[in-house]
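Each chain, letter by letter, is given below.
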Amino acid sequence: MPRFNTSRFVVAVSFLFSLFVTHSAHAEEVVVYSARIEQLIKPMFDAFTKETGIKVKYTTDNEGALLARLEAEGKNTPADMLIAADAGNLWAAARAGLLKPVKSDVLDNNIPAHLRDPGNEWFGLSIRARTLIYNTKKMDSSELSTYEDLADPKWRKRLCLRTSKKVYNQSLVAMLIAEHGEAEAEKIVRGWVANLATDPLSDDTRALEFVAAGKCDVTLVNTYYFGRLMQKDPSLPLAVFWPNQNNGGVHVNISGAGITRYSRNEQAAIKLLEFLSSDKAQNLFADVNMEYPANPRIKVDPFVAAWGSFKQNPMNLVKAGELQTTAVKLMDRAGYR
């Protein structure tokens, strides 16, 4: 009878075990529903897979469609993570019971408290500053000061705004309500409407084009729209102004993410979320769309940094969701369409 070789058996078992572990790691997968388009998320997912071996499968669509899909799928959803733009959308997902709390020292250390849900159901990953852009040939920056000042009659026929139907403006007004109360916020919005040089415009880029063309002097936009336009044509007479630096600070919003309530691969999804808040991914996540890193330790892209530094409003962005319905009703009463 042949003699049993213990050492060979141990080696064989060890080899088979290592293959199993390797296969399991590579077979691990996180499914993401993302309102950020592919070109804005794929670089981060590729970097995560390269570092961890965990694959990322993703579906992109608008927030409304993704939230409806998560609700319809319920416990059968394949999604482990939701990525959305605007804190109002993330708040809506949390309120609908589509997200779950995440306990993570990494996320707590990387993401400031005002950029994440108080119950840790969502976390900001990039900052979107909604600020003032003005025509440098028609006016001087010394005329500008605050969001509230744009309601002053001195701006009559000088202001352009994007439509109130977009969540960015709804969140801005929600934050004004949180800061000033509903009555005062309505006075501000009525003043904006009275000062419009034209009917509200379809998007931020259109508003910037109107300012550049001299059809109005100043507008309110997310800074990355300004960045995109200036990259195409640096000669445009447009410049950034940071409002409310002596009170409150610039209104900021986020692109962020949360773990879905019925995630099938929760631990791997948390690893991805932590990775997206890390030094390596934060530059990628913010730079590709000319946004600001949510992690305050990360340096801003040089092109974006050239716009100058600013103090941001420290109010927790959960208010953008909690007061969004109130904001929509207020804008409707004020005639802001």
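Residues numbered from 1 in each chain as written. Predicted model: local features only at pLDDT ≥ 70, side-chain atom pairs only at ≥ 80, totals over all residues. Heavy atoms only, no water.

## Concerning the pairing of strand E5 (residues 123-135)
Thought 1: Burial analysis of E5 places 13 of its 13 residues in the buried class, which makes it a mostly covered element.
Thought 2: Two strands pair when backbone bridges link them, and E5 and strand E9 (residues 251-260) are joined in this way by seven bridges, in the antiparallel orientation. If you follow Gly124 over to E9, its bridge partner there is Gly256.
Thought 3: In terms of strand pairing, E5 meets strand E10 (residues 292-293) through two bridges, oriented antiparallel. Residue pairing in the sheet places Ser126 in a bridge with Pro293 of E10.
Thought 4: Relative to strand E7 (residues 218-222), E5 runs antiparallel, the two sharing five bridges. (Buried < 20%, exposed > 50% of the residue type's maximum accessible area, 1.4 Å probe, protein only. Helix = DSSP H or I, 4+ residues; strand = E, 2+ residues; numbered from the N terminus. Pairing = 2+ DSSP bridges.)

## A few points about the pairing of strand E1 (residues 29-34)
Thought 1: Summarising burial for E1: five of the six residues are buried, a large majority.
Thought 2: Judged from the six bridges that link them, E1 and strand E2 (residues 55-60) form a sheet pairing that is parallel. Counted as the bridge partner of Val32 is Tyr58 from E2.
Thought 3: As for the winding sense of the linkage, the β-α-β connection from E1 through helix H2 (residues 38-52) to E2 is right-handed. (Right-handed = clockwise from strand over helix to strand, strands pointing away.)

## Structural notes on the state of the cysteines
Thought 1: Within this structure, the stated rule accounts for one disulfide.
Thought 2: Disulfide pairing places Cys160 opposite Cys216 at an S-S distance of 2.0 Å. Between Cys160 and Cys216 the disulfide shows an S-S torsion of about -105°. By sign, it is left-handed. Placement of the pair is Cys160 in strand E6 (residues 159-160) and Cys216 in the loop between helix H8 (204-212) and E7, with a sequence separation of 56 residues. In this structure, Cys160 and Cys216 share a single accessibility class: buried. (Disulfide = S-S within 2.5 Å.)

## Some words on the pattern of salt bridges
Thought 1: One pass over the full model with this rule turns up 20 salt bridges.
Thought 2: Put simply, Asp46 and Lys42 hold a salt bridge, and the shortest N to O gap is 2.8 Å. Highlighted residues: Asp46 and Lys42, both in helix H2, separated by four residues, approximately one helical turn.
Thought 3: What makes Asp46 partly exposed here is its relative accessible area of 41%.
Thought 4: Look at Lys42 and you get partly exposed, because its relative accessible area is 33%.
Thought 5: One salt bridge in this structure joins Glu291 and Arg128, with 2.5 Å as the shortest N-O distance. Placement of Glu291 in the loop between helix H11 (279-287) and E10 and of Arg128 in strand E5 is noted, with a sequence separation of 163 residues between them. Accessibility assignment for this pair places Glu291 and Arg128 in one class, buried. (Salt bridge = Lys/Arg side-chain N within 4 Å of Asp/Glu carboxyl O.)

## Re helix H14 (residues 324-333)
Because each turn of an α-helix spans 3.6 residues, side chains separated by three or four positions in sequence point in the same direction.
Thought 1: The complete set of buried residues in H14 reads Gln324, Ala327, Leu330 and Met331. Relative to the axis of H14, the buried residues are bounded by an arc of 115° and lie together on one face. The exposed set on the far side of H14, more than 90 degrees from its buried face, consists of Thr325 and Lys329. (Arc of directions from axis to C-beta.)

## Observations concerning the confidence of the model for the protein chain
Thought 1: Mean pLDDT over the protein chain: 93, with 92% of residues reaching 70 or higher.
Thought 2: Contacts of residues 9-26 to residues separated by more than four positions or lying in other chains number five contacts, the stretch itself having pLDDT below 50. (pLDDT = per-residue confidence, 0-100. Contact = heavy atoms within 4.5 Å.)

## What to know about helix H7 (residues 182-194)
Thought 1: The end-to-end C-alpha distance of H7, which contains 13 residues, comes to 18 Å, matching closely the 18 Å that a straight helix rising 1.5 Å per residue would cover.
Thought 2: Residues of H7 that are buried include every one of Ala185, Glu186, Ile188, Val189, Gly191 and Trp192, and no others.
Thought 3: Buried residues belonging to H7 abut E6, helix H6 (167-180), E7 and H14. (Expected span 1.5 Å × (residues − 1).)

## What about the side chain of Asp86?
Thought 1: Its place among the elements puts Asp86 in the loop between strand E3 (81-85) and helix H4 (87-95).
Thought 2: No salt bridge is formed by the buried Asp86; its nearest oppositely charged neighbour, Arg128, is found at 6.8 Å.
Thought 3: Of the polar contacts made by the side chain of Asp86, one reaches the side chain of Ser171; its length is 2.8 Å.
Thought 4: Beyond its immediate sequence surroundings of up to four residues, Asp86 is in contact with Val167, Tyr168, Ser171, Asn253, Ile254 and Gln324. (Lys, Arg positive; Asp, Glu negative; His and termini not counted. Polar contact = N/O pair within 3.5 Å; in protein donor to acceptor, adjacent residues only side chain to side chain.)

## Overview of empty space enclosed by the protein
Where empty space is left can be seen by rolling a probe of water-molecule size over the atoms.
Thought 1: Tallied over the entire structure, the rule returns two cavities of 30 Å³ or more.
Thought 2: When its volume is computed, the largest cavity comes out at roughly 60 Å³.
Thought 3: Every residue lining the largest cavity is listed: Tyr147, Leu172, Met175, Leu176, Glu179, Asn244, Gly249, His251 and Asn313.
Thought 4: The element best represented in the lining of the largest cavity is H6, accounting for four residues.
Thought 5: Among the residues making up the lining of the largest cavity, the classes are represented as four nonpolar, four polar and one charged.
Thought 6: If you trace the second largest cavity, you find it lined by Asp86, Arg128, Arg130, Tyr168, Asn222, His251, Val252 and Asn253.
Thought 7: Counting only elements with at least two residues in the lining of the second largest cavity, the list comes to E5 and E9.
Thought 8: Ranked by residue count, the leading element in the lining of the second largest cavity is E9, at three residues. (1 Å grid on protein atoms, 1.4 Å probe; cavity = no way out; pocket = protein on both sides within 12 Å on 5 of 7 lines; lining within 4 Å. Points joined across faces, edges and corners; volume = space filled by probe spheres on them. Nonpolar A, V, L, I, M, F, W, Y, C, P; charged D, E, K, R; others polar.)

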